[in-house]
Amino acid sequence: MTLNIFPSSMEARYAIAGSAIGALTSLVCLSAGIPVGHGLLNFFDSLANSLLFNAAIVFSALTFGYVAARAGRRLDQADRLLLAERAGVVELYRLAYQDALTGLGNRHALKRDTATLAGTADQETTLAAVILMDLDGFKEINDTFGHDAGDEVLSLLAGRLRSACDFDCRAYRLGGDEFVVLAEGPRDVAGMEAFVRMLSTKVFRTVHHAGAEIETSGSMGISFLKGGNDTLSAALKRADVALYRAKGEGEFRHAFNVGGAGQPDATVSGVQRVAKQAVEEGRLVVEYRPVNQAGTAVLRGFSASVVRSGDEAGSRRSCDIPGLVIEEWLLDRVIGDMRNWPAHLTVTIALSAQMLSRKGVANRLGERIAQAGLAPERFVIDVDFRAFGDMAHSSADDNVAALRAMGIRICAADLVAGVFDRARAANSPVDCWRIDIGRLRRAAEGPSGREVSKSLSIFADAMRLELRFEAVDTPEDLAFAARFSHATLTGASAGPALTADQATYLAARFGPNGRRLRKVVG
């Protein structure tokens, strides 16, 4: 037992105590020999004047003090060593299970916490939801603002993530810009939908660093850890598949993989869920407008667009779904519908400047087209380059170049202030020029009208551009478009807007040369 009195050194405390014990021991031993009948006071007076007695007390005190001091030193050394070992064990445990930068648990902590969950129930029971989270554009943050800014972003996002988790949720950092949230207990897609949106809202907010504002965003893939033989590794792999599917989906950048252990992936993105609900409520409808050959009226394809409730007069409420969600859903629907069309028909889809400015959009679209077994040449992407304004759109340029490299054609508007801009057209990476027939007719009015038409035809042939006339609604528009034999046209003269089933029915009736293939019953 140690003495917790002054001085603080254990060796000094034991030396003092030993000396006191030695002196008392000598006194006790000598007092045992008091002669019978002698008074105690007289006895101590005689001892005080005895040189031998004083020497014995000093010797005993020094001896006991020295022995006690040595013992105190050894105990002090053992105590310090024990404390150091305990501190080392605590530090090693912290380093093994805690991320040094963010203070969150690491991959080992995630394995430790899930080890008690896996295998405790049958394979139909959901034990926890595994949310894999990835920060978008983290490399650009490091390159632009420096690694100190990157570390601060990770630390702040980790703190927000920790505060957003409730009592049965824990956050971990796997490494780099990847995080995991483990939400224990029975979970389902409907319940997790609101939870991941809350996480996105609370975590991905602006970070202020050295006077600069750094915008943050991220993607999330969600899977469910089941009982039976399901494992954390398998759940993370399913979440990673969902994360890849979720990237680039605008405001709703999350996806669910509801497959279990040993089952095929069943990924449902946030876009699909939101769009499916809107379709079921009648808020989203795809319409196809025929694209015909000018002069021959041969069907060459369709132009696809989305009609949202609220765009037309009616009693239905206005559609409040973000544009990026609608564009992603439109791409999926069109790719699915095209599987039933003849191979010679094309489809034109308009993509916004915001969509094209997202990194990797072209590659993801190419993968979806390849998975559907369709030829990239059958797709025409309509781009309004004027919508970019003065914004930096290097990512959009990269996506346009990547789309063209795949064989996907780019269509764009070519009239600027009512005049055909040849210099602009010559320097634009496009394959098809979309022209408002009414504006072109007005530009071609007057004695030089034939020359304008001829110049346009020569330029289009030289640049290998397809001319696409839109809003061809009247017989006069149709007659003017017929001057350009290689052009295509849309509008009332080409045919009314069709549903997906009607477009499939029309596509099945005619071949590439416009001849009727067969009678379709339906």
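Cut-offs applied
Residues numbered from 1 in each chain as written. Predicted model: local features only at pLDDT ≥ 70, side-chain atom pairs only at ≥ 80, totals over all residues. Heavy atoms only, no water. Helix = DSSP H or I, 4+ residues; strand = E, 2+ residues; numbered from the N terminus. Buried < 20%, exposed > 50% of the residue type's maximum accessible area, 1.4 Å probe, protein only. Contact = heavy atoms within 4.5 Å. Areas by Shrake-Rupley, 256 points an atom, 1.4 Å probe, with all protein chains shown as cover. Core = buried A, V, L, I, M, F, W, Y, C linked by side-chain atoms within 4.5 Å. Expected span 1.5 Å × (residues − 1). Pairing = 2+ DSSP bridges. Arc of directions from axis to C-beta. Polar contact = N/O pair within 3.5 Å; in protein donor to acceptor, adjacent residues only side chain to side chain. Axes fitted to C-alpha atoms, helices over the stretch in contact; angles between N-to-C directions. Phe/Tyr/Trp six-rings, centres within 6.5 Å; stacked < 30°, edge-to-face > 60°. Lys NZ or Arg CZ within 6 Å of the ring centre and 35° of its normal. Parallel < 35°, antiparallel > 145°, perpendicular 65-115°, else oblique. Nonpolar A, V, L, I, M, F, W, Y, C, P; charged D, E, K, R; others polar. Salt bridge = Lys/Arg side-chain N within 4 Å of Asp/Glu carboxyl O.

J.: For the overall build of the protein chain, give the residues involved together with the corresponding values.
T.: Within the protein chain, the regular secondary structure consists of 18 helices and 18 strands. Burial analysis of the protein chain (522 residues in total) assigns 43% to the buried set. Residue pairs in contact within the protein chain that sit at least 24 positions apart in sequence constitute 65% of those at least 6 positions apart. When the accessible area of the protein chain is evaluated, it comes to approximately 27,000 Å², of which 56% is carbon and sulfur surface.

J.: Run through the nonpolar core, naming residues and quoting values.
T.: Where a protein is soluble and globular, its nonpolar side chains tend to be buried together. Counting residues in hydrophobic clusters, the biggest one holds 62 residues, and the most contacted among them are Y288, F302, V347, L467 and F469. A per-element tally of this core places helix α10 (residues 323–338) first, with 8 residues. With 33 residues, the next largest nonpolar core counts L135, A164, F195 and F224 among its residues.

J.: Residue-level account of helix α6 (residues 147–164), with values.
T.: Its 18 residues place the ends of α6 25 Å apart at the C-alpha level, agreeing with the 26 Å of an ideal helix rising 1.5 Å per residue. Among all positions of α6, only A149, G150, V153, L154, L157, A158, R160, L161 and A164 are buried.

J.: Can you lay out the pairing of strand β13 (residues 409–413) for me, pointing to particular residues and giving the numbers?
T.: The two faces of a sheet get side chains in turn, since along a regular strand they alternate between them. Burial analysis of β13 places 4 of its 5 residues in the buried class, which makes it a mostly covered element. Alignment of strand β12 (residues 379–383) against β13, held across 4 bridges, turns out to be parallel. For V383, the partnering residue across the bridge sits in β13 and is A412. For β13 and strand β16 (residues 432–436), the ladder comprises 3 bridges, and the chain directions are parallel. Each residue of the ladder has a partner; that of A412, found in β16, is W433.

J.: Explain helix α8 (residues 232–246) to me, using residue names and the numbers behind them.
T.: With 15 residues, α8 extends 21 Å from end C-alpha to end C-alpha; this agrees with the ideal 21 Å at 1.5 Å per step. Within α8, the full set of buried residues consists of L232, A235, L236, R238, A239, A242, L243 and A246. Looking straight down α8, one finds that the buried residues subtend no more than 160° of arc, so they occupy a single side.

J.: Could you give me a rundown of the side chain of D230, with the residues and numbers involved?
T.: As for its placement among the helices and strands, D230 is situated in the loop between β6 (218–226) and α8. Assessed through its relative accessible area of 2%, D230 is described here as buried. One polar contact links the side chain of D230 to the main-chain amide nitrogen of K226, over a distance of 2.8 Å.

J.: Go over the side chain of T488 with me, naming the residues and quoting the values.
T.: Secondary-structure assignment places T488 in strand β18 (residues 488–489). Its relative accessible area of 5% is what places T488 among the buried residues. Among the polar contacts listed, one links the side chain of T488 to the side chain of E466, at a separation of 2.7 Å. Excluding its chain neighbours within four sequence positions, the residues that come into contact with T488 are V291, N292, Q293, A294, R300, E466, L467, R468 and F469.

J.: How would you summarise the sheet that holds strand β10 (residues 299–308) if you had to cite specific residues and measurements?
T.: Whenever strands of a sheet pair, they do so through backbone hydrogen bonds, lying parallel or antiparallel. Around the barrel, 8 strands lie side by side as β9-β10-β11-β12-β13-β16-β17-β18; this closed barrel has mixed pairing. Of the pairings in the sheet, the one linking strand β9 (residues 284–293) to β18 comprises 2 bridges and is antiparallel in character. Bridge assignment links Q293 to a residue of β18, and that residue is T488. The sheet strands contacting helix α18 (residues 500–507) are β9 and β10, and the helix crosses β10 at an angle near 180°.

J.: Run through the packing of aromatic side chains, naming residues and quoting values.
T.: Scanning the entire structure with this criterion turns up 6 aromatic pairs. Centroid distance F302 to W341: 5.0 Å. Interplanar angle 50°. Geometry classified as tilted. Residue F302 is located in strand β10, and its partner W341 is located in the loop between α10 and β11 (346–350); the two are separated by 39 residues in the primary sequence. The buried category is assigned to W341, whose relative accessible area is 5%. One aromatic cluster is present, built from ring pairs that chain together Y288, F302 and W341. It is R112 that lies over the ring of Y97; its NZ or CZ is 4.9 Å from the centre.

J.: Mind laying out unusual backbone geometry, listing which residues take part and the relevant values?
T.: Its identity as a non-glycine residue notwithstanding, A210 has a phi of 50°, on the positive side. Secondary-structure assignment places A210 in the loop between β4 (207–209) and β5 (212–214). Look at A297: it is not a glycine, yet its phi comes out positive at around 60°. Following the sequence through the fold, A297 ends up in the loop between β9 and β10.

J.: Talk me through the pairing of strand β3 (residues 178–184); I want residue IDs and the actual numbers.
T.: Here β3 lies mainly inside the structure; 5 of its 7 residues are buried. The sheet contact formed by strand β1 (residues 126–135) and β3 spans 7 bridges and is antiparallel. Its bridge partner being in β3, A129 is matched across the sheet by A183. Relative to β3, strand β2 (residues 169–175) is paired through 6 bridges, and the arrangement is antiparallel.

J.: Describe the packing of helix α5 (residues 138–145) against α6, naming the residues involved and giving the relevant values.
T.: Where α5 meets α6, the closest approach of the two axes is 6 Å, and the angle between their N-to-C directions is 135°. Here α5 lies oblique to α6, going by the angle between them. In this structure, α5 contributes F138, I141, N142 and F145 to the contact, and α6 contributes H147, A149, G150, V153 and L154. Partitioned by chemical class, the residues of the contact of α5 with α6 number 6 nonpolar, 3 polar and no charged.

J.: Outline the pattern of salt bridges, supporting the account with residue identities and numerical values.
T.: Throughout the structure, instances matching the rule amount to 17 salt bridges. One salt bridge in this structure joins E184 and R170, with 1.9 Å as the shortest N-O distance. Residue E184 is found in strand β3, and its partner R170 is found in strand β2; the two are separated by 14 residues along the sequence. Residue class for R170 comes out partly exposed when judged on its relative accessible area of 34%. The residue R409 makes a salt bridge to E466 at a minimum N-O spacing of 2.7 Å. With R409 in strand β13 and E466 in strand β17 (residues 466–470), this residue pair connects regions lying 57 residues apart in the sequence. R409 gets classed as partly exposed once you look at its relative accessible area, which sits at 23%. Taking the relative accessible area as the measure of exposure, E466 reaches 14% and is therefore buried. Among the charged side chains, a salt-bridge network with shared partners connects R112, D113, R170 and E184.

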